[in-house]
Structure formats: C-alpha cells, structure tokens
Amino acid sequence: MKPLFINCSPKKRFCASAYFLSLQRLFVRGEKVTKKLRTPADHARILMEFNDAQAVVFCLPLYVDGIPSHVLRFMEEMEAYCKKNSLHLSLYCIANNGFIEGRQNEPLMQSFEHFCSRAGLTWGGGVGIGGGVMLNVTRIVFVVDIALLVLNTVLSMINTGNFFPKEAWISFGENAALLLYFNLGVLFYLARMGSSIRKGTASGKKYTRILIPSFIFILFADVFFIIISLFEGGLFRGWLAKKEIENG
Ligand SMILES: Cc1cc2nc3c(=O)[nH]c(=O)nc-3n(C[C@H](O)[C@H](O)[C@H](O)COP(=O)(O)O)c2cc1C
C-alpha cells in the first residue's frame, strides 16, 4: 500500500504544483506513485492506482477560488469508482494560489472535505499555499545560483588556480539562505503533513505563504506579470490590444 500523489495542474511544464509535490514527497518515505491529471485521458490510469493506495494526495492550483473544472470532472468519476470498489482511502490536499494569502484556499479545502464525506473517504487535511507562482520561481533562482557558483569556480581555477572562491561561496550561501527562508512556512507544514500521511492520521487544514511582506510581494508580482505579459502576447496579454468582433 503506497501513497498516490496526483499533480493536477493543467500546465505541461514548470507548474508550482510539481514543485510542492516534490517537496511533499521528500517527507514521505518508502514507495510512492506520482501521476499527472490534465485531461480525461488520464482518468483510467489514475483510478487503477487507487486499488493499491492507502492515501491519495491531490496537489492543485486554486482557480477562481475553487477546484479547477478538469479536477471536478475527475472527482465525479473517482466518487463512483471508490463506492463501486468499496475503497476508503485517506485524502490529503496541497493547494496553491497566485495571490499572497494561502487562506484563500479555504473554500477549495471545504469542497474536498465535503467530497470525502460524500464519497466515503477519510479527509486527511491539507496545506493551502499563497504566493505559489513566486515560490515556484525560487527553485528556478536556486538553479541559476548553482550555475553561477559553478561558473565562478571554473573561472577562479583558470585565472588563479584557486578551487574555492570564497566570495562566490559566501554569495551563494546568502542567496540559498534567503530562498530557504521564503519557503520555510511551506516546508514546515508539508513536513507535518508528511508525518500524518505516513502514520495515516489527520493533519487538519493549514495555511501558509511565501515569507515576504505583502508590499514587496505586490511590487515583484507587478514587475513579473508585466514581463510575462510582454513575452506572451503583448502588454497585459492583449487586454489593451484592439479586439476583433466575431460575427454570427
Ligand atoms: C483560470 C485561473 C484562475 C485562477 N484563479 C485564482 C484565484 O482565484 N486566486 C488566486 O490567488 N490565484 C488564482 N489563479 C492563479 C493560480 O492559482 C496560480 O498561478 C497557481 O500558482 C498555478 O499553479 P500551477 O502552476 O500548479 O498550475 C488562477 C489562475 C488561472 C489560470
């Protein structure tokens, strides 16, 4: 009996859900199964895994204060499947949202809680994470920091024969500590939930966020989305662009 982790983000790559799921997996020892839920074609493959699982962990984004519609479709099938096969799994949930307050995931958590009682499953609890997009960016920044450290070390070896450029290591250490600090709330609550998943107990609903002050978050988020918008179809994703009127 192994825990089943379901990444429910509809994105193909670089989704925040994949990041939080990989962190959650660190805190659950033993054999684990991870599946991706994007389209109805994934349903049968995931449902089959339920027969061999004692716990299922949904990791998903918050969409319009609720559960994304493709996940709702899956949950309808899941309910029927679990009832038909008398499965009484424990269900846990990791939800992340773009705005800074993790508590915005509360309605989504309640939906899962009600779903569990309706489908005859055990509600294990969840972690709601605010600033999901920005936390996801921290892992990319960390990879860039490692690349810079390697580059500095190579350059130092070539130029001075020094294998340990102290300045570069101090700068890397400072950046890594800062990124770790941003993620501390998430790591703490995922560690707690990991322990509950292992023991098969309930962990309750917990909310956390990226650990930076809100006014800094807003500043960075504005700059980030302006840059992304410019890359993906112009300023504000075409909000300011002239719209074509469809006839008929
Ligand atoms: C259609 C849609 C609706 C969204 N609704 C909300 C919302 O109500 N509140 C919020 O804070 N973020 C909202 N977001 C932002 C996502 O929750 C956020 O980008 C999340 O990190 C995506 O996770 P993923 O990368 O795992 O897919 C929405 C995003 C999309 C595309």
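Residue numbers here run from 1 along each chain, matching the order of that chain's written sequence. For a predicted model such as this one, the threshold for reporting local features is a pLDDT of at least 70, and the threshold for listing and counting side-chain atom pairs is 80 or more; totals across whole chains, interfaces and linings nevertheless cover every residue. The basis for the side-chain values is all heavy atoms of the structure; hydrogens and waters are excluded.

K.L.:
I'm lost on the nonpolar core in this one. Help?
P.N.:
Across soluble globular proteins, nonpolar side chains show a tendency to be buried alongside one another. To qualify as a nonpolar core, a set must consist of buried Ala, Val, Leu, Ile, Met, Phe, Trp, Tyr and Cys residues joined through side-chain atoms within 4.5 Å. Remark: exposure states derive from per-residue accessible area (1.4 Å probe, protein chains only) relative to the maximum for the residue type, with buried under 20%, exposed over 50%, and partly exposed in between. Residues I6, F50, F58, L60, M78, L91 and F112 are the most contacted members of the largest nonpolar core, which totals 33 residues. If you list the elements that add at least two residues to this core, you get β1 (4-7), α2 (43-50), β3 (55-61), α3 (69-84), β4 (90-97) and α4 (106-119). At six residues, the largest contribution of residues to this core is made by α4. The contact criterion used is simple: two residues touch if any of their non-hydrogen atoms lie within 4.5 Å. Excluding residues within four positions of it along the chain, L60 makes contact with C8, S17, I67, P68, V71, C93, I94, A95, N96, L108 and F112. Only DSSP runs of H or I covering at least 4 residues are called helices, and only runs of E covering at least 2 are called strands; the numbering of each starts at the N terminus.

K.L.:
When you look at the environment of L108 in this model, what are you seeing that I'm missing?
P.N.:
By secondary structure assignment, the location of L108 is in helix α4. Residue classification places L108 among the buried positions, given a relative accessible area of 0%. Beyond its immediate chain neighbours, meaning those up to four positions away, L108 contacts L60, P61, L62, D65, G66, I67, C93 and A95.

K.L.:
I'm lost on the packing of helix α1 (residues 16-26) against helix α5 (residues 132-160) in this one. Help?
P.N.:
Look at α1 against α5: their axes get within 9 Å of each other, and the N-to-C directions meet at 65°. Taken together, the axes of α1 and α5 lie roughly perpendicular to each other. In the crossing of α1 with α5, the sense of the turn from one axis to the other is left-handed. Here A16, A18, Y19 and F20 of α1 come into contact with α5, specifically with G132, L135, N136, T138 and R139. Axis angles are defined between N-to-C directions and span 0 to 180 degrees, where every axis is a line fitted to C-alpha atoms and, for a helix, only to the segment in contact. Oblique is the label for any angle not under 35 degrees, not over 145, and not in the 65 to 115 range, which are roughly parallel, roughly antiparallel and roughly perpendicular in turn. For any helix crossing, the convention is left-handed if the near helix is rotated counterclockwise from the far helix by under a right angle, and right-handed if that rotation is clockwise.

K.L.:
Explanation requested: the layout of surface pockets in the structure shown.
P.N.:
It is the rolling of a water-molecule-sized probe over the atoms that shows where space remains empty. A 1.4 Å probe that fits into a set of points on a 1 Å grid over the protein atoms alone but cannot get out defines a cavity; an open set with protein on both sides within 12 Å along at least five of seven lines defines a pocket, and lining residues are those with an atom within 4 Å of a point. Grid points are joined across faces, edges and corners, and a volume is the space filled by probe spheres set on the points. By volume, the largest pocket is sized at about 1,200 Å³. Taken together, 39 residues make up the lining of the largest pocket; nearest its centre are V133, M134, V137, F224 and F225. Those elements that provide at least two residues to the lining of the largest pocket are α1, β4, α5, α6 (166-199) and α7 (214-231). Here the lining of the largest pocket takes eight residues from α7, the largest share from any one element.

K.L.:
Which parts of the structure should I look at to understand the site of the ligand?
P.N.:
Any residue with a heavy atom lying within 4 Å of a molecule or strand is counted as near it. Residues in close proximity to the ligand total 16 residues, the closest being S9, K11, S17, L62 and N96. Nitrogen and oxygen atoms within 3.5 Å of one another constitute a polar contact, given that in protein one can donate a hydrogen and the other can accept it, and given that sequence-neighbouring residues count only through two side-chain atoms. N96 has a polar side-chain atom sitting 2.5 Å from an oxygen atom of the ligand. A distance of 3.1 Å is found between a nitrogen atom of the ligand and a backbone nitrogen or oxygen belonging to G98. All accessible areas in this document rest on Shrake-Rupley with a 1.4 Å probe, and a residue is counted as covered only by the protein chains that are shown. Here the ligand, which alone exposes 650 Å², has 75% of that area covered by the protein. Of all the elements in the fold, those that place two or more residues in the shell around the ligand are α1 and β4. Gly is put with the polar residues, along with every residue not named as nonpolar or charged; the nonpolar set is Ala, Val, Leu, Ile, Met, Phe, Trp, Tyr, Cys and Pro, and the charged set is Asp, Glu, Lys and Arg. A per-class count over the shell around the ligand returns eight nonpolar, six polar and two charged.

K.L.:
Would you mind going over α3 with me for this structure?
P.N.:
Along an α-helix, residues three or four positions apart point the same way, because every turn accommodates 3.6 residues. An expected span of 1.5 Å times one less than the residue number is assigned to each helix. The end-to-end C-alpha distance of α3 is 23 Å, a good match for the 22 Å that 16 residues give at a rise of 1.5 Å each. Along α3, the positions that sit buried rather than exposed are H70, V71, F74, M75, M78, E79 and C82. Residues of α3 that are buried in the fold lie against β1, α2, β3, β4 and α4. Two residues or fewer after α3 comes S86, characterised by a positive phi angle close to 50°.

K.L.:
Whenever I open this one, the pattern of salt bridges confuses me. Can you help?
P.N.:
Pairing of side chains with opposite charge becomes possible as their charged atoms draw close. Salt bridges are counted wherever a side-chain nitrogen of Lys or Arg sits within 4 Å of a carboxyl oxygen of Asp or Glu. Using the criterion set out here, one finds nine salt bridges in the structure. With a closest N to O distance of 3.2 Å, D52 and K2 form a salt bridge. In this pair, D52 sits in the loop between α2 and β3 while K2 sits in the segment before β1, placing the two residues 50 residues apart along the sequence. Owing to a relative accessible area of 17%, K2 belongs among the buried residues under this scheme. In this structure, the salt-bridge partner of D42 is R45, at a minimum N-O distance of 2.7 Å. Classification of D42 by relative accessible area gives buried; the value is 12%. Take R45: its relative accessible area is 38%, and that puts it in the partly exposed class. Within this structure, K2, E31 and D52 form a network of salt bridges that share partners.

K.L.:
Even after reading the chapter, I still don't get the environment of S9, so can you show me in this structure?
P.N.:
With respect to the helices and strands, the residue S9 is situated in the loop between β1 and α1. With near-sequence residues (within four places) excluded, S9 lies in contact with C15, S17, K36, L37, R38, C59, P61 and H70.

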